[in-house]
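Listed here are the chains, written in short residue letters.
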Amino acid sequence: MRAIPFFMDIPKIELGSWFRWKERNRIEDSDKHGVYMLAKFKTHPPQDADPLDEHIIYFGETCNQSLKERWNQFDASAFQLKRGHSGGKTYRDVY
């Protein structure tokens, strides 16, 4: 039997712009759950977010929480030495 190749069109995923960490609560729909990328730039970030950008340091998902809730947990772990987000603890330890 001969294998027949299967090709499918992968939809383009469009991402928004980068936001500074202190401006994260301005992001539209941040009261919903989803996935997010965190990046560390030395200068201004590029206009559009790119999931392949070399400056990305973390990909996260919210599971049953909102983006705001998960980001607040990251912030507490990364900058306030509290528990609740392993990525935040890793950020604190590395940076």
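Residues numbered from 1 in each chain as written. Predicted model: local features only at pLDDT ≥ 70, side-chain atom pairs only at ≥ 80, totals over all residues. Heavy atoms only, no water.

Caption draft 1: Unusual backbone geometry, seen in detail. Of note in this structure, aspartate 29 is not a glycine but carries a positive phi near 65°. If you trace the backbone, aspartate 29 turns up in the segment before β1 (35-39). Unlike most non-glycine residues, cysteine 63 shows phi in positive territory, near 60°. Mapped onto the elements, cysteine 63 comes out in the loop between β2 (56-61) and α1 (67-79). (Helix = DSSP H or I, 4+ residues; strand = E, 2+ residues; numbered from the N terminus.)

Caption draft 2: Inspection of helix α2 (residues 86-94) at higher detail. Of all the positions in α2, only Gly87, Gly88 and Tyr91 are classed as buried. Burial along α2 is one-sided: seen end-on, the buried residues are contained in an arc of 100°. With respect to the buried face of α2, the exposed residues turned more than 90 degrees away are Ser86 and Asp93. Next to the buried residues of α2 lie β2 and α1. (Buried < 20%, exposed > 50% of the residue type's maximum accessible area, 1.4 Å probe, protein only. Arc of directions from axis to C-beta. Contact = heavy atoms within 4.5 Å.)

Caption draft 3: Region of interest: the pattern of salt bridges. A complete count under the given rule lists 4 salt bridges for this structure. As a salt-bridge pair, glutamate 23 and arginine 26 come within 3.9 Å of each other at their nearest N and O atoms. Among the residues examined, glutamate 23 registers a relative accessible area of 28% and is labelled partly exposed. What makes arginine 26 exposed here is its relative accessible area of 59%. Across the pair aspartate 75 and arginine 24 runs a salt bridge, and its minimum N-O distance is 3.8 Å. Of the two residues, aspartate 75 is situated in helix α1 and arginine 24 in the segment before β1; the sequence distance between them amounts to 51 residues. (Salt bridge = Lys/Arg side-chain N within 4 Å of Asp/Glu carboxyl O.)

Caption draft 4: The nonpolar core, seen in detail. By size, the foremost hydrophobic cluster in this structure holds 7 residues: Tyr36, Leu38, Leu67, Trp71, Phe74, Ala78 and Tyr91. Taken together, the elements giving at least two residues each to this core come down to β1 and α1. Not counting chain neighbours up to four residues away, the residues in contact with phenylalanine 74 comprise Trp21, Leu38, His85, Gly87, Gly88 and Tyr91. (Core = buried A, V, L, I, M, F, W, Y, C linked by side-chain atoms within 4.5 Å.)

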